[in-house]
Amino acid sequence: MSRGRLFVVGDRLGWSIDDDRTRLAATARRLGYGVGSNALLRFMHGQAVFQHNHFNVLQPRWLESSHRLGLSYFHGRPGTPGYPEFDYAYEALRTHATRVDRVQVTHAEMYELVVSAGVTDERVFKIPIGIDLEHFPLGATRETERFVIGSFVKDGVGMAEGLEPKLLKGPDTLVAVVARVREHLPNVSVLLTGPARGYVRGALDELDVPYRHVLATTRSELGRAYRDVDVCLVTSRQEGGPKSVLEAMASGVPVVSTRVGQAAELIADGENGLLAEVDDVEALAAALQRVHHDALLRERLRAAGRSTAEAHAEERLDPPWAELLEGFVDGAR
């Protein structure tokens, strides 16, 4: 018997937020909740509605509705240059802190931010973004002449060409790191996935660095892309995840990442991945070279990374989600 009904709203862009929606709906069903059709929400009152896009839910349309509101606050540090929407969202949360019933955050920085806005800590839940292991099996060890760096973060503005860089994701740092690595490893190449990678593609063309761009519109296609890389590089300046960290770990691909988002908490430097500070091009390039040169390090990162991914499988995160949903869904009319 269903314990109540949850409505999970995506952003209909067919990308990360909609993937979050699909996975939370599956989690809710595993926990015995029904999942309602969003098309009916406009005709209903007092329902439990969860949205992963906090920029959307912290708008008058939702704040003035009768629905119980839950949201994910993945990233968005107020005062970030060039991102006034971060200031607006934080101010909206601060103004309406008592209106929000549940908040999911993925790492400590956002937990502290949300609590500082006035949301009481019993309504804030630190739940990492998990991994759907069925799409990311442990791959075989690669032995090829080229050293392939994988970049799996959408780092251009919009969903089209992405010629304008989304600087929060560090595409300029990515290009600088690749250029630095090539000085020592002339056999380097890059694999890009997802939409809006035009800025990076153009910069790699200028550097004459070979690359391949795979759109990977399904989770299965994305999982296959990890089999073609030797290392996963994350150069973001702020993050909620990124998802690529656990995806790479599950696939047996070593991860080199800036110290951002849940990556900073998932990765034990030198044990299951390698970390560097934001914008530290030299440290990121050096970490990539370590992965290239040290076979024992690669195997250690591969084994420990897979264990980390398995510990964060979707089903393993059901208990904290059960805590978040308890009283939120059951308390809706």
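Structure first, text after, so check above.
Within each chain, residue numbers correspond to sequence positions counted from 1 in written order. Only residues with pLDDT of 70 or above have their local features reported here, since the model is predicted, and side-chain atom pairs are shown and tallied only from 80 upward, although totals for entire chains, interfaces and linings are computed over all residues. To get the side-chain values, take all heavy atoms of the structure and skip hydrogens and water.

### Side note on the nonpolar core
Side chains of a nonpolar character, in soluble globular proteins, are inclined to be buried together. Rules: We define a nonpolar core as any set of buried Ala, Val, Leu, Ile, Met, Phe, Trp, Tyr and Cys residues linked to one another through side-chain atoms lying within 4.5 Å. Each residue gets one of three labels from its accessible area relative to the maximum for its type: buried under 20%, exposed over 50%, partly exposed in between, using a 1.4 Å probe on protein chains only. Whether two residues touch is decided by their heavy atoms; if any such pair falls within 4.5 Å, the residues are in contact.
Formed by 27 residues in total, the largest nonpolar core has its most connected members in Ile-149, Leu-233, Val-256 and Leu-288. Beyond its immediate sequence surroundings of up to four residues, Val-256 is in contact with Val-231, Cys-232, Leu-233, Val-234, Leu-274, Leu-284, Ala-287, Leu-288 and Val-291. Counting residues in each nonpolar core, the second largest holds 26 residues, with Val-9, Ala-97, Leu-113 and Ala-117 among its members.

### Digging into the layout of surface pockets
Inclusion rule: Only protein atoms enter the 1 Å grid used here. Points where a 1.4 Å probe fits but cannot escape make up a cavity, open sets with protein on both sides within 12 Å along at least five of seven lines make up a pocket, and a residue lines them when an atom lies within 4 Å of a point. Grid points are joined across faces, edges and corners, and a volume is the space filled by probe spheres set on the points. Runs of E in the DSSP output that reach at least two residues are strands. Runs of H or I that reach at least four are helices, and both are numbered from the N terminus. Here the nonpolar group is Ala, Val, Leu, Ile, Met, Phe, Trp, Tyr, Cys and Pro; Asp, Glu, Lys and Arg are the charged ones; every other residue, Gly included, is treated as polar.
For the largest pocket, the calculated volume is near 1200 Å³. Contributing to the lining of the largest pocket are 47 residues, with Trp-15, Ser-16, Ile-17, Asp-20 and Lys-243 lying nearest its centre. Counting residues per element, the lining of the largest pocket draws most heavily on helix α1 (residues 16-30), which supplies nine residues. For the lining of the largest pocket, the class distribution of residues is 16 nonpolar, 13 polar and 18 charged.

### Quick notes on the pattern of salt bridges
We count it as follows: Each salt bridge in this description consists of a side-chain nitrogen of Lys or Arg and a carboxyl oxygen of Asp or Glu lying within 4 Å of one another.
Considering all chains together, one arrives at 23 salt bridges under this definition. Measuring nitrogen to oxygen at the nearest pair gives 2.8 Å for the salt bridge that ties Asp-132 to Arg-219. Placement of the pair is Asp-132 in the loop between β6 (124-126) and β7 (147-151) and Arg-219 in helix α8 (residues 219-225), with a sequence separation of 87 residues. Neither Asp-132 nor Arg-219 differs from the other in exposure class; each is buried. The residue Glu-183 makes a salt bridge to Arg-180 at a minimum N-O spacing of 2.2 Å. Residue classification places Glu-183 among the exposed positions, given a relative accessible area of 56%. Connected via shared salt-bridge partners are Asp-19, Asp-20, Arg-23, Asp-132, Arg-219, Lys-243, Glu-247 and Glu-314.

### Digging into empty space enclosed by the protein
Inspection of the entire model under this criterion finds two cavities of 30 Å³ or more. Within this model, the largest cavity holds a volume of roughly 140 Å³. Around the largest cavity sit 13 residues that line it, and Arg-23, Ile-129, Gly-130, Glu-314 and Trp-321 are the ones nearest its centre. In terms of residue count, the dominant contributor to the lining of the largest cavity is α1 (four residues). Residues of the lining of the largest cavity, tallied by class, amount to six nonpolar, four polar and three charged.

### Quick look at the sheet that holds strand β4 (residues 68-72)
Convention followed: Pairing between strands requires that DSSP locate at least two bridges from one strand to the other.
If you walk across this open sheet you meet the six strands as β2-β1-β3-β4-β5-β6, and the pairing is parallel. If you trace the sheet from one side to the other, it starts and ends with β2 (34-35) and β6, each paired once. In the sheet, strand β3 (residues 48-51) pairs with β4 via four bridges, with the strands oriented parallel. Bridged to Val-49 within β4 is Leu-69.

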